[in-house]
Amino acid sequence: MSVIISLFIIGVSLSMDTFSISLSIGTFNVSKNNILLLCLIVGILHFLMPIIGAFLGNKVITFLNINSNFLLGIILLFIGVEMILDLFKNESNKFELSIFNMFLVSFSVSLDSFSTGLGLSAITSNVILSGLIFSVCASSFTFLGYLIGKYSKEKVGIYAKLFGIILLFILGLFHIFK
């Protein structure tokens, strides 16, 4: 049970960047069909990327004889630092939500789930379950972000990222000192 809770917390943390982006997308006039397609693409990539990362991570861990718990903790802290740096970027959120842009957005927010997959063996050997949990979390948070963004502007986005950063740091430190 603690494995599922850990995976769910990681899934929520990994979903904060897609939540933040979908908050800003929600402020534009975007059709529900496009949002549902975006949620689907985000979910598929959040399913596949940790599985690919876990496969590659197991090969690297075996080859280098690294403690997978420590590696996962470092990766989670690295993602948290990456998210902090993103907070200070002043980029425009204006873009057209074409299929190509949906894929680019989905791919960019799924890269952290790939990195997490590298150390996933420290938590579970069931990478399919991990991918499913990450996928459901990411798809749900994408749609939730869109809905909230539709009714509120930019204020919630920074808090979502801060929440994700705090969760990543707590989990990262937990795995390093486990």
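Residues numbered from 1 in each chain as written. Predicted model: local features only at pLDDT ≥ 70, side-chain atom pairs only at ≥ 80, totals over all residues. Heavy atoms only, no water.

A. Looking closely at the overall build of the protein. In terms of regular secondary structure, the protein is built from 6 helices and 0 strands. Counting helices and strands in the order they occur from the N terminus, the protein gives α-α-α-α-α-α. Burial statistics for the protein: of 178 residues in total, 47% are counted as buried. Intrachain contacts of the protein at a sequence separation of at least 6 include 95% that bridge at least 24 residues. In the structure as shown, the protein presents an accessible area of about 9500 Å², 71% of it carried by carbon and sulfur atoms. (Helix = DSSP H or I, 4+ residues; strand = E, 2+ residues; numbered from the N terminus. Buried < 20%, exposed > 50% of the residue type's maximum accessible area, 1.4 Å probe, protein only. Contact = heavy atoms within 4.5 Å. Areas by Shrake-Rupley, 256 points an atom, 1.4 Å probe, with all protein chains shown as cover.)

B. Quick look at the nonpolar core. One finds Leu-7, Ile-10, Val-12, Leu-120, Ile-133, Phe-134 and Phe-141 to be the most contacted residues of the largest nonpolar core, which totals 16 residues. When residues of this core are traced back to their parent elements, those giving at least two are helix H1 (2–26), helix H5 (127–151) and helix H6 (155–176). Of all the elements, H1 adds the most residues to this core, at 7 residues. Those residues in contact with Leu-120, other than ones at most four positions away along the chain, are Leu-7, Pro-50, Ala-54, Val-127, Ser-130 and Phe-134. In terms of nonpolar packing, the next biggest core, distinct from the first, is built from 14 residues, Leu-38, Val-42, Leu-97 and Tyr-146 among them. (Core = buried A, V, L, I, M, F, W, Y, C linked by side-chain atoms within 4.5 Å.)

C. Summary view of the packing of H1 against helix H4 (residues 99–118). Packing of H1 against H4 brings their axes to within 10 Å, and their N-to-C directions diverge by 160°. Relative to H4, H1 is oriented roughly antiparallel. Judged by the twist between their axes, the crossing of H1 over H4 is right-handed. Facing H1, whose interface residues are Ile-10, Leu-14, Asp-17, Thr-18 and Ile-21, H4 presents Val-105, Val-109, Asp-112, Ser-113 and Thr-116. Its residues assigned to classes, the contact of H1 with H4 shows 5 nonpolar, 3 polar and 2 charged. (Axes fitted to C-alpha atoms, helices over the stretch in contact; angles between N-to-C directions. Parallel < 35°, antiparallel > 145°, perpendicular 65-115°, else oblique. Left-handed = near helix turned anticlockwise from the far one by under 90°. Nonpolar A, V, L, I, M, F, W, Y, C, P; charged D, E, K, R; others polar.)

D. Fine view of the packing of H1 against H5. The contact between H1 and H5 brings their axes to 7 Å, and the two run at 30°. Classified by the angle between their axes, H1 and H5 sit roughly parallel to one another. Where H1 crosses over H5, the handedness of that crossing is right-handed.

E. The arrangement of the environment of Leu-7 in detail. Considering the arrangement of structural elements, one finds Leu-7 in helix H1. Apart from residues lying up to four places away in sequence, Leu-7 is in contact with Leu-120, Ile-123, Thr-124, Leu-129, Ser-130, Ile-133 and Phe-134.

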